[in-house]
Amino acid sequence: MAYSDFTLAKVRETFQLVIDEKRNLFKEVSPIQPSATLTTLLEEYTQLATAINTEKARSELLIMPAYIDIVEYYINDV
């Protein structure tokens, strides 16, 4: 089945999932400041990722730099 054929309703039915939207899974997570590098990359790449307008572009230009920044924060500072 193609990814575009999936819907939340189909997944809930197929896997008999119960969605609990009342719990706040991240209430104990403290925000962190993005690095200067991440801030610069996002400023430079957001317009390009938006112009290309694909999941791949968003993943490579926006999501991966943010993910790397988070990993480096926890490797170097914790």
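One can find the structure itself at the top, above this paragraph.
What comes next is a walk through the structure. (Residues numbered from 1 in each chain as written. Predicted model: local features only at pLDDT ≥ 70, side-chain atom pairs only at ≥ 80, totals over all residues. Heavy atoms only, no water.)

**Side note on the overall build of the protein chain**
Looking only at helices and strands, one finds 3 helices and 0 strands in the protein chain. For the protein chain, the sequential pattern of α-helices and β-strands runs α-α-α. Taking 12 Å as the expected radius of gyration for a compact globule of 78 residues, we find that the protein chain reaches 17 Å, considerably beyond that expectation. On the principal axes, the C-alpha backbone points of the protein chain span a range of 45 × 35 × 20 Å. (Helix = DSSP H or I, 4+ residues; strand = E, 2+ residues; numbered from the N terminus. Rg over C-alpha atoms; globule rule 2.2 N^0.38 Å.)

**Brief notes about the environment of Ala49**
Counting through the fold element by element, Ala49 comes out in helix α2 (residues 36–52). Ala49 sits in the buried class, given a relative accessible area of 1%. Counting along the chain gives 12 residues from Ala49 to Leu61, while the straight-line C-alpha distance between them is 6.2 Å. Once residues lying within four places of it in the same chain are set aside, the contact partners of Ala49 are Ala57, Arg58, Leu61 and Leu62. (Buried < 20%, exposed > 50% of the residue type's maximum accessible area, 1.4 Å probe, protein only. Contact = heavy atoms within 4.5 Å.)

**Considerations on α2**
Relative to the 24 Å expected for 17 residues at 1.5 Å per residue, α2 spans 24 Å between its end C-alpha atoms, a close match to the ideal helical length. Directly beyond the C-terminal end of α2, a positive phi value near 55° is found at Asn53. (Expected span 1.5 Å × (residues − 1).)

**Regarding the pattern of salt bridges**
A side chain with one charge may pair with a side chain of the opposite charge, provided their charged atoms come close. Across all of its chains, the model carries 2 salt bridges by this definition. One salt bridge in this structure joins Arg58 and Glu55, with 3.0 Å as the shortest N-O distance. Of this pair, Arg58 and Glu55 both sit in helix α3 (residues 55–77), separated by 3 residues, roughly a single helical turn. Judged by relative accessible area, which is 29%, Arg58 ranks as partly exposed. (Salt bridge = Lys/Arg side-chain N within 4 Å of Asp/Glu carboxyl O.)

**Some remarks on unusual backbone geometry**
Residues other than glycine seldom take positive phi values, yet Gln16 does so here, at roughly 50°. Here Gln16 lies in the loop between α1 (8–15) and α2. Backbone geometry places Asn53, a non-glycine residue, at a positive phi of 55°. By the element assignment, Asn53 lies in the loop between α2 and α3. Accessibility expressed as a relative area gives 53% for Asn53, which makes it exposed.

**Thoughts on α1**
Because each turn of an α-helix spans 3.6 residues, side chains separated by three or four positions end up pointing in the same direction. Among the 8 residues of α1, 0 are classified as buried, and the element is accordingly described as predominantly exposed. Gln16 occupies a position one or two residues after α1 and carries a positive phi of about 50°.

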